[in-house]
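One letter stands for each residue in the lines below.
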Amino acid sequence: MHQHKDLSRASLPDSYGAGYRNARILAICQGLFTCAISIDLTLTALTGYQLAPDKSLATLPFALITVAGAVVTWFAAFLIQRLGRRLSFALGALAGAIGGAISVWSVFHGHFWSFCIGTAGVGVFQAFAQYYRLAAADAVSAEFKSRAISTVLTGGVIAAVLGPALASWSKDLFPTALFSGAYLMVALLSLLSMIVLLVFYRDTEAVGGAAQATAAAETDAPPRSTAEIARQPVFVAALANNVVGSMVMMFIMTAAPLAAVACHHGIDDGANIIQWHLVGMYAPSFFAGALIKRCGLGPAVLAGVALNLACALIAMASTGLPAFYVALLCLGVGWNFMFVGGTTLLAQSYRPSERARAQGLSEFLRYAATALATLAAGPLLEHYGWSALNLAILPLLLICALVSVWWMLANAAAARNAAANTATAN
């Protein structure tokens with residue numbers, strides 16, 4: 001048994017050990033973050049309605065989670081570069097804890113505007129937490145990036161189920177202030193995440209062998225302009241999969257519970273559809289990395305596009321409850337493939353000196369597009385209906401597929417040229 005264990009460890013390069021340890025720590029933090037944010041997303045619209053002096057402002061606290069995340073995500077990339085990941089991630093979690101505490105105080109005292117500040121603090125936490133997967137990817141060599149990213153996202157599996165359950169259990173902890181107990185849970189989960197980061201996480205870069213030599217060469221090379229980075233096929237494909245995948249997912253997910261109720265299904269059915277969808281989003285992380293390593297990045301992201309297409313076709317074909325479940329499950333799994341694949345592509349598109357600009361640009365654009373999709377989903381559903389919403393995502397999926405194929409062809413051509421140059425040199 002001892003010999004088998006040693007052989008298993010020996011099969012992995014030294015560069016993977018420390019990086020994978022960090023990925024597992026970040027998976028725990030991802031789970032804590034997902035629990036916290038799912039509580040906020042479950043109850044904030046209701047709490048906003050309860051506190052708002054003008055009921056037309058009821059969704060403002062909910063929107064501020066995404067808006068604050070979009071504003072902070074660009075600056076977070078540069079703060080991470082300056083202070084390091086460990087301290088920056090801990091500061092992000094601290095912002096979530098403060099935001100949760102402010103939300104508790106606001107609910108107890110009936111203050112709407114301070115509640116908005118509290119939810120914005122949770123949005124800041126979200127902005128930093130989105131870099132967990134990229135930190136894991138940067139800490140391992142190229143062949144293990146997909147596996148490290150998938151490991152981080154597995155933290156969301158249990159949290160996707162546990163978060164709404166915690167929201168339901170904790171909202172009545174203080175009978176005199178409905179929902180305040182749930183925001184106390186947000187504060188505690190954020191605080192626990194900060195403690196885990198400070199005690200167990202360590203900043204690590206990919207080291208060892210060819211990976212170390214490549215990293216050293218790229219560090220010595222002068223940084224490219226943002227425009228030059230953004231013109232690369234690998235960066236464009238990464239952006240297409242991350243942005244389109246997240247935009248389509250939020251667009252359909254936001255509208256699905258409302259559409260289910262409009263189609264004469266119960267409110268509990270709408271909640272169960274979303275819970276099933278969340279499982280679809282995170283459960284594939286247990287095998288997505290291995291699947292990408294076996295089949296390749298290109299087929300994996302195209303499979304994600306195909307699953308999103310299946311979601312749209314199923315939703316347009318039927319409004320029965322089984323169709324909602326299957327469509328939203330396809331949407332979740334499709335997002336996972338596109339997100340893991342897109343993040344892996346992004347991690348391959350920059351040199352160490354370019355990391356902050358490349359990651360900041362990609363994450364800002366993804367957040368902005370996701371915020372737009374979230375805000376547009378409700379009004380478009382109201383005016384055009386569920387089938388039209390699903391029809392609207394088809395052009396986006398087509399663009400993503402074409403960009404992914406373009407990158408695959410460019411990557412194949414580059415590999416052929418490299419092989420020809422090696423053969424000539426020999």
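Please read these numbers as outputs of a predicted model, since none were measured by experiment. (Residues numbered from 1 in each chain as written. Predicted model: local features only at pLDDT ≥ 70, side-chain atom pairs only at ≥ 80, totals over all residues. Heavy atoms only, no water.)

Peer 1: Can you walk me through the pattern of salt bridges in this structure?
Peer 2: Scanning the entire structure with this criterion turns up seven salt bridges. The salt bridge partner of Glu-363 is Arg-133, with a shortest N-O separation of 2.9 Å. One end of the pair, Glu-363, is in helix α16 (residues 355-384); the other, Arg-133, is in helix α6 (residues 132-138), and 230 residues separate them in sequence. Considered together, Glu-363 and Arg-133 belong to a single accessibility category, that of buried residues. With its nearest N and O atoms 2.8 Å apart, the salt bridge here joins Glu-354 to Arg-224. (Salt bridge = Lys/Arg side-chain N within 4 Å of Asp/Glu carboxyl O. Helix = DSSP H or I, 4+ residues; strand = E, 2+ residues; numbered from the N terminus. Buried < 20%, exposed > 50% of the residue type's maximum accessible area, 1.4 Å probe, protein only.)

Peer 1: For this particular structure, what's the right way to read the packing of helix α4 (residues 85-109) against helix α5 (residues 112-129)?
Peer 2: When two helices pack together, their arrangement is given by the angle between their axes and by how far apart the axes lie. Running from N to C, α4 and α5 point in directions that differ by 160 degrees, and their axes come no closer than 7 Å. The pairing of α4 with α5 is recorded here as roughly antiparallel in orientation. You can see that α4 and α5 cross each other, and the crossing is left-handed. (Axes fitted to C-alpha atoms, helices over the stretch in contact; angles between N-to-C directions. Parallel < 35°, antiparallel > 145°, perpendicular 65-115°, else oblique. Left-handed = near helix turned anticlockwise from the far one by under 90°.)

Peer 1: What should I look at first to understand the packing of aromatic side chains in this one?
Peer 2: The description of an aromatic ring pair uses the distance of the two centres, along with the angle that the planes make with each other. Under the counting rule described, the total for this entry stands at 11 aromatic pairs. Relative to Tyr-201, the ring of Phe-89 has its centre 6.2 Å away and its plane inclined at 55 degrees; by these criteria the two rings are tilted. Of this pair, Phe-89 sits in helix α4 while Tyr-201 sits in the loop between α8 (180-200) and α9 (209-220); the two residues are 112 residues apart in sequence, bridging distant segments of the chain. Overall, the relative accessible area of 1% leaves Phe-89 in the buried class. The buried category is assigned to Tyr-201, whose relative accessible area is 1%. When the ring of Phe-287 is compared with that of Phe-337, the centres are 6.4 Å apart and the planes differ by 80 degrees; the resulting orientation is edge-to-face. Of this pair, Phe-287 sits in helix α13 (residues 285-295) while Phe-337 is found in helix α15 (residues 321-347), placing the two residues 50 residues apart along the sequence. (Phe/Tyr/Trp six-rings, centres within 6.5 Å; stacked < 30°, edge-to-face > 60°.)

Peer 1: Would you explain the environment of Arg-294 in this entry?
Peer 2: On the secondary structure map, Arg-294 appears in helix α13. Expressed as a C-alpha distance, the spacing of Arg-294 and Trp-406, which sit 112 residues apart in the sequence, is 21 Å.

Peer 1: I would appreciate a short explanation of unusual backbone geometry in the present structure.
Peer 2: Note: most residues except glycine have negative phi, and most peptide bonds are trans. Although it is not a glycine, Phe-179 adopts a positive phi angle of roughly 80 degrees. With respect to the helices and strands, Phe-179 occurs in the loop between α7 (145-170) and α8. With a relative accessible area of 8%, Phe-179 lands in the buried category. Residue His-264 is not a glycine yet carries a positive backbone phi of 70 degrees. Mapping His-264 onto the fold places it in the loop between α11 (233-262) and α12 (267-282).

Peer 1: Just checking my understanding: could you explain the side chain of Thr-151 for this structure?
Peer 2: Mapping Thr-151 onto the fold places it in helix α7. A residue is classified by how much of its surface remains accessible, and Thr-151, at 10% relative accessible area, is buried. Within the local environment of Thr-151, its side chain forms a polar contact with the backbone oxygen of Arg-147, the two atoms lying 2.8 Å apart. In this view, Thr-151 contacts Tyr-20, Ala-23, Arg-24 and Ala-27; residues no more than four positions away in its chain are not counted. (Polar contact = N/O pair within 3.5 Å; in protein donor to acceptor, adjacent residues only side chain to side chain. Contact = heavy atoms within 4.5 Å.)

Peer 1: Honestly, the environment of Arg-202 in this entry has me stumped. Any pointers?
Peer 2: Along the chain, the position of Arg-202 falls in the loop between α8 and α9. Put simply, Arg-202 and Lys-145 are 57 residues apart on the chain and 18 Å apart in space, counted from C-alpha to C-alpha. At 3.4 Å, the side chain of Arg-202 and the backbone oxygen of Val-199 are in polar contact.

Peer 1: Help me understand a positive patch on the surface, please; the structure alone is not making it clear to me.
Peer 2: A surface patch of positive charge is lined by Arg-21, Arg-24, Arg-86 and Arg-202. One can find Arg-24 in helix α2 (residues 14-51). (Patch = residues over 30% accessible without salt bridge, like charges linked within 9 Å, V, L, I, M, F, W, Y side chains within 5 Å. Areas by Shrake-Rupley, 256 points an atom, 1.4 Å probe, with all protein chains shown as cover. Lys, Arg positive; Asp, Glu negative; His and termini not counted. Charge placed at Lys NZ, Arg CZ, Asp CG, Glu CD.)

Peer 1: Got a minute to help me understand the confidence of the model for the chain in this structure?
Peer 2: The predicted structure's coordinates, where accompanied by low pLDDT, should not be read in detail. Within the chain, residue pLDDT values average 87, and 92% of them lie at 70 or more. Mean pLDDT across the secondary structure elements of the chain bottoms out at helix α1 (residues 2-10), with 41, and peaks at α4, with 97. In the model, residues 1-15 has pLDDT below 50 throughout and makes six contacts with residues more than four positions away in sequence or in other chains. Segment residues 208-217 is flagged for pLDDT under 50; beyond a separation of four residues in sequence, or across chains, it makes three contacts in the model. (pLDDT = per-residue confidence, 0-100.)

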